[in-house]
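# Topology and contacts: notes
This is what each chain is made of:
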Amino acid sequence: AARQVSARRQDGPRVPVRVELSEVAAPQHVRQRLLASPSLPPGNYDGLDVLLTRASVETDGARSELLTPAEATFVAARFRIERRQAVVLNVELDLEASLDGGFSLEPVFHAHVPPRPAAGLLTLVSESRNHRIRILDKSSGTVAGVIPTGRNPSGLALDPRRPRAYVRS
């Protein structure tokens, strides 16, 4: 369970991030899940600090609690936040590398900003609850980007000649 996440700015300060998904179970980690949805100030960032409160593994039907670090784990991932823009950061836990003797979890995370797919390989999905449009990569089925919108985007119109997307909100 993730208790606390913060973004680490290159100029020093850490910016707290609102955790959206505090618990991830094994069957869920095979697909993308939204861990956090921060509103970060513009600037350059070196990555995230993630503090886990608990972890467990299940083997042969028995669940075992693991020891977790008392300090946050740094997840290296350089990214830049521009004004009125959003960045998607894919973060994955390398479970095999993270298990230490079967008794504790020393988290090893891998993170990157996904590349934007070519125009023919993307799908746009409006999310009225979150005030954004998600850019999906058709070939991998993963989120490749996010476009912040006004309140409650409820539809899209695409102009393939220019290439532009118009949002109704």
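Our subject in this report is the structure included herewith. Please read all numbers here as calculations on a predicted model, not as lab measurements. Residue positions are given per chain, counted from 1 along the sequence in the order it is written. In view of the model being predicted, local features appear only for residues whose pLDDT reaches at least 70, and side-chain atom pairs are presented and counted only at 80 or more, with totals across whole chains, interfaces and linings using the full set of residues. With hydrogens and water stripped out, all remaining heavy atoms of the structure feed into the side-chain values.

### Quick look at the nonpolar core
Buried Ala, Val, Leu, Ile, Met, Phe, Trp, Tyr and Cys residues that are joined via side-chain atoms within 4.5 Å together make up what is termed a nonpolar core. Only protein chains enter the calculation, and the probe is 1.4 Å; a residue is then buried if its accessible area is under 20% of its type maximum, exposed if over 50%, and partly exposed in between. Formed by 19 residues in total, the largest nonpolar core has its most connected members in A7, V17, L40, Y45, V50 and V75. When contributions to this core are tallied by element, the ones reaching two or more residues are β1 (2–9), β2 (14–17), β3 (43–52), β6 (73–81) and β10 (109–112). Residue contacts follow a heavy-atom distance rule, with two residues in contact if any of their heavy atoms lie within 4.5 Å. Contact partners of L40, with chain neighbours within four places excluded, come to A7, V15, V17, Y45, F79 and I81. The secondary structure listing takes helices from DSSP runs of H or I that are at least 4 residues long and strands from runs of E that are at least 2 residues long, numbered from the N terminus.

### Structural notes on the sheet that holds strand β12 (residues 132–137)
For two strands to be treated as a pair, DSSP must find at least two bridges joining them. On the basis of which strands lie adjacent, the open sheet formed by three strands has the order β11-β12-β13 and antiparallel pairing. Lying at the two open borders of the sheet, with one neighbouring strand each, are β11 (122–127) and β13 (142–148). Adjacent strand axes in the sheet meet at a mean angle of 25°, parallel and antiparallel pairs treated alike. As paired strands, β12 and β13 are joined by six bridges and run antiparallel to one another. Of the residues in β13, the one forming a bridge with L136 is V143. As a rule, the C-alpha atoms of each element are fitted with a line to give its axis, helices using only the stretch in contact, and angles between N-to-C directions run from 0 to 180 degrees.

### A few points about the packing of aromatic side chains
The criterion for an aromatic pair is that two Phe, Tyr or Trp rings (for Trp, the six-membered ring) have centres within 6.5 Å, with stacked assigned to planes under 30 degrees apart, edge-to-face to planes over 60 apart and tilted to the rest. For the structure shown, the criterion picks out one aromatic pair. Between the aromatic rings of Y45 and F79, the centroid separation amounts to 5.1 Å while the plane-to-plane angle is 5°, which identifies the pairing as stacked. On the criterion of sequence distance, the pair formed by Y45 in strand β3 and F79 in strand β6 is long-range, its members being 34 residues apart. Take Y45 and F79: they sit in the same class, and that class is buried.

### A closer look at the layout of surface pockets
Of the grid points, spaced at 1 Å and generated over the protein atoms alone, those admitting a 1.4 Å probe that cannot get out make up cavities, while open sets with protein on both sides within 12 Å along at least five of seven lines make up pockets; any residue with an atom within 4 Å of a point is treated as lining. Grid points are joined across faces, edges and corners, and a volume is the space filled by probe spheres set on the points. As a volume, the second largest pocket reaches approximately 450 Å³. Looking at the lining of the second largest pocket, the elements with two or more residues in it are β11, β12, β14 (155–159) and β15 (164–168).

### Details of the side chain of S98
Position of S98 relative to the elements: it lies in helix α1 (residues 95–98). Here S98 falls in the buried class, since its relative accessible area comes to 1%. The residues contacting S98, other than those within four sequence positions of it, are L93, S104, L105, E106, P107 and V108.

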